[in-house]
Amino acid sequence: MTDVAPHNEAHAQQLSMQCWKLGLRAQNADDWRRAVEVGEEAVAAFPDAPEPRFNLAVARMGLARATGEGLVGAAMAFDEAREKVAPQALVQYAATAIQLLEKRAAQFGADPVYLYALGTHQAAVGRNAKARRSLEAAAALGEIAVRALAEVPEPVIARAPSVGRNDPCPCGSGKKYKKCHGA
């Protein structure tokens, strides 16, 4: 019984990688359909792993772009993949996902599903300003993008207190600001 799980996991990883590679080579909707099929096999073989779900989500994004259909479902596939990640591993997973998505920027560009996926993963690692920009650009997805945007806090912009010309310079030199860094 113990030999079954490692075999299934290895098989799922092979299928997941095959899904990713098929997506890299995809030229049309049929190619993307094949990538989705392989991705679904990978998820079925190892349903609790986030990697096969992420690769399937990328394939669904490609299929949605190729056909113009299923955009919201493709976006939700990224959410499903993220939900399978243990909370303590979410930041590392999201950082890796961002790197992988950024490698696909030339392929997907301004696609709303791509921007949604990028934005939700950026939010998971605390890149709130970038996440908000990505999710605002994904507005074509409608309610799903609006909800995701609402969950991302406004970025905090730290502002230094203003220094008057005759106040001591904040650098600690002991000089007046106008004679030091304000010159």
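Residues numbered from 1 in each chain as written. Predicted model: local features only at pLDDT ≥ 70, side-chain atom pairs only at ≥ 80, totals over all residues. Heavy atoms only, no water.

## Comments concerning the side chain of N128
No. 1: Structurally, N128 is set in helix 8 (residues 128-137).
No. 2: With a relative accessible area of 19%, N128 lands in the buried category.
No. 3: With residues near it in sequence (within four places) discarded, N128 still touches A123, V152 and P153. (Helix = DSSP H or I, 4+ residues; strand = E, 2+ residues; numbered from the N terminus. Buried < 20%, exposed > 50% of the residue type's maximum accessible area, 1.4 Å probe, protein only. Contact = heavy atoms within 4.5 Å.)

## Some points on the packing of helix 5 (residues 90-103) against helix 7 (residues 112-124)
No. 1: Contact pair helix 5 / helix 7: the axes reach a minimum separation of 8 Å and the direction vectors enclose 145°. Classified by chirality, the crossing of helix 7 by helix 5 is left-handed. Contacts from L90, V91, Y93, A94, A97, I98, L101 and E102 of helix 5 reach helix 7 at Y114, A117, L118, H121, Q122 and A124.
No. 2: For the contact of helix 5 with helix 7, a count of residues per class yields eleven nonpolar, two polar and one charged. (Axes fitted to C-alpha atoms, helices over the stretch in contact; angles between N-to-C directions. Left-handed = near helix turned anticlockwise from the far one by under 90°. Nonpolar A, V, L, I, M, F, W, Y, C, P; charged D, E, K, R; others polar.)

## Details of the nonpolar core
No. 1: Core analysis: the largest hydrophobic core is formed by 46 residues, its most contacted members being F54, M61, F78, L101, Y116 and L141.
No. 2: For this core, the elements supplying multiple residues, two or more each, are helix 1 (4-25), helix 2 (29-45), helix 3 (50-67), helix 4 (71-83), helix 5, helix 7, helix 8 and helix 9 (143-151).
No. 3: Of all the elements, helix 3 adds the most residues to this core, at eight residues.
No. 4: With sequence-adjacent residues up to four places away left out, Y116 is seen in contact with A75, D79, L135, A138, L141, I144, A145 and A148. (Core = buried A, V, L, I, M, F, W, Y, C linked by side-chain atoms within 4.5 Å.)

## Some details on the state of the cysteines
No. 1: This structure, assessed with the given rule, holds zero disulfides.
No. 2: Free cysteine: C169, not disulfide-bonded; nearest cysteine sulfur from C171 at 3.6 Å.
No. 3: By relative accessible area, which is 6% here, C169 ends up buried. (Disulfide = S-S within 2.5 Å.)

## Considering the packing of aromatic side chains
Each aromatic ring pair is characterised by the separation of its centres together with the angle its planes make.
No. 1: Taken as a whole and judged by the stated rule, the model has five aromatic pairs.
No. 2: Measuring from centroid to centroid gives 5.9 Å for W32 and F108, while their planes differ by 45°, and the two rings are tilted. Here W32 is found in helix 2, whereas its partner F108 is found in helix 6 (residues 105-108), with 76 residues between them in sequence.
No. 3: Look at W32 and you get buried, because its relative accessible area is 6%.
No. 4: Taken together, the ring pairs in this structure connect W20, F54, F78 and Y93 into an aromatic cluster.
No. 5: Note that R104 overlies the ring of W20, its terminal NZ or CZ placed 4.0 Å from the centroid. (Phe/Tyr/Trp six-rings, centres within 6.5 Å; stacked < 30°, edge-to-face > 60°. Lys NZ or Arg CZ within 6 Å of the ring centre and 35° of its normal.)

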